Amino acid sequence: MSLMDKIKDKAKSVRKNIVLPEGSEPRTIEAAAKIIEQGIANVILLGNEEEIKKANVKNVDLSDAVIIDPATSPKLQEYADMFYEMRKKKGITPEQALETTKDPLYYAVLMIKANDADGMVSGAIHSTGDTLRPALQVIKTKPGVPIVSSCFIMEHPDSKWGQDGVMVFADCAVNIDPNAEELAAIAVASADSAKDLAGIADPKIAMLSFSTKNSAKHEKVDKVIEATKLAKEMAPELNIDGELQADAALIEAVGQLKSPGSKVAGHANVLIFPDIQAGNIGYKLVQRLGGAEAIGPICQGLARPVNDLSRGCSVEDIVSVVAITAVQAQSF
Ligand SMILES: CC(C)(COP(=O)(O)OP(=O)(O)OC[C@H]1O[C@@H](n2cnc3c(N)ncnc32)[C@H](O)[C@@H]1OP(=O)(O)O)[C@@H](O)C(=O)NCCC(=O)NCCS
Ligand SMILES: CC(=O)OP(=O)(O)O
């Protein structure tokens, strides 16, 4: 059974309410119908019913989806009041709060905040920034977690990589240029995602760089060295090594040559990229040239589950991310 099939089975057993704010987007409509048909989650589609019909997706049965138009919803004022209370210190007026709440992305996170939904998935037509900003403002970070970050579960057809082809890559989508403390927090959060979502029992975390163990000297290398030290202090029980080049992280012979005795080098199953440029380019190359399935970006550290999609996502990608969101919702 593939990892995604296991995650879908878990989602079916908890049957959470997942809100999809891009309700009139054709791939989202098709995914909603599949999610309902397969019993992966209950679906709330946001949008105007006429626009959803106009999207003209043939042969989909949305009779069991809840469809809500934020602009005319009886809950609009209640959510707007909640948003105003949360954001008035930032200078917004009640009128601005009402207008913002009509935006489906804000309405969706306010539904979660009000316990009217368990999680949200968006990003098929919105950028990551537009998808995550409402969640960062309304849902916020879990207590004790310094930052929200993201990871991808990468499922490669060749089982020699990671654990039976499964690896975790981070942060490829949220934090643009994390400092050493933030990079350490991303590594620790990614180890949790590896265990809880990707089924990687023994995460081996490589802190990636263009240098292995001081082979190059640069402030960008120093950041990764410092992040490795901090991550080890934050989670001494984890197997973390750095700084490592990608070949040292993945290939046993190179790893043992460049970082002799390391338990991670040559066996890494969690790759922590030094910044979003490396991470976003890296995951897309492994996906498109390497033929891996890229599931995510999955948010780590939010107080309730909200997940993004790549705008290049397929219907099946949306189904997968909804299943992951439902499984994450189980632990809140
Ligand atoms: C995620 C992102 C949009 C947040 O930045 P932003 O929109 O400029 O948001 P701001 O800095 O104005 O912050 C908005 C709120 O989110 C909080 N926030 C921002 N980043 C955060 C993080 N990583 N963790 C926790 N909170 C965060 C801020 O503290 C702020 O809270 P407040 O308004 O209650 O004070 C930004 O980091 C970003 O654009 N990342 C790259 C996304 C991207 O293009 N990815 C590539 C494709 S996947
Ligand atoms: C994760 C990501 O890169 O998203 P997009 O392709 O939508 O920019």
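Now for a description of the structure that goes with this document. Worth saying up front: this structure is predicted, and the values here are computed from it rather than measured. (Residues numbered from 1 in each chain as written. Chains lettered and ligands numbered in written order. Predicted model: local features only at pLDDT ≥ 70, side-chain atom pairs only at ≥ 80, totals over all residues. Heavy atoms only, no water.)

## Thoughts on the pattern of salt bridges
Close approach of charged atoms lets side chains of opposite charge pair.
Consideration 1: In total, this model carries 15 salt bridges according to the counting rule given.
Consideration 2: Note that Lys258 and Asp247 form a salt bridge whose closest N and O atoms lie 3.2 Å from each other. Of the two residues, Lys258 sits in helix α11 (residues 252-258) while Asp247 sits in helix α10 (residues 246-250), which places them eleven residues apart along the sequence.
Consideration 3: Given the relative accessible area of 28%, Lys258 is considered partly exposed. (Salt bridge = Lys/Arg side-chain N within 4 Å of Asp/Glu carboxyl O. Helix = DSSP H or I, 4+ residues; strand = E, 2+ residues; numbered from the N terminus. Buried < 20%, exposed > 50% of the residue type's maximum accessible area, 1.4 Å probe, protein only.)

## Here we look at the site of ligand 2
Consideration 1: Residues in contact with ligand 2, as listed here, are Phe152, Asn280, Tyr283, Lys284, Pro297, Ser310 and Arg311.
Consideration 2: Note that an oxygen atom of ligand 2 is positioned 3.0 Å from one of the side-chain N or O atoms of Asn280.
Consideration 3: Take Ser310: an N or O atom from its side chain is 2.7 Å from an oxygen atom of ligand 2.
Consideration 4: Taken by itself ligand 2 offers 260 Å² of open surface, and the protein chains cover 86% of this.
Consideration 5: If you map ligand 2 onto the pockets, it falls in the second largest pocket.
Consideration 6: In terms of residue count, helix α12 (residues 276-288) provides more of the shell around ligand 2 than any other element does, three residues in total.
Consideration 7: For the shell around ligand 2, the class distribution of residues is three nonpolar, two polar and two charged. (Near = heavy atom within 4 Å. Polar contact = N/O pair within 3.5 Å; in protein donor to acceptor, adjacent residues only side chain to side chain. Areas by Shrake-Rupley, 256 points an atom, 1.4 Å probe, with all protein chains shown as cover. 1 Å grid on protein atoms, 1.4 Å probe; cavity = no way out; pocket = protein on both sides within 12 Å on 5 of 7 lines; lining within 4 Å. Sits in = over half its atoms within 2 Å of the grid points. Nonpolar A, V, L, I, M, F, W, Y, C, P; charged D, E, K, R; others polar.)

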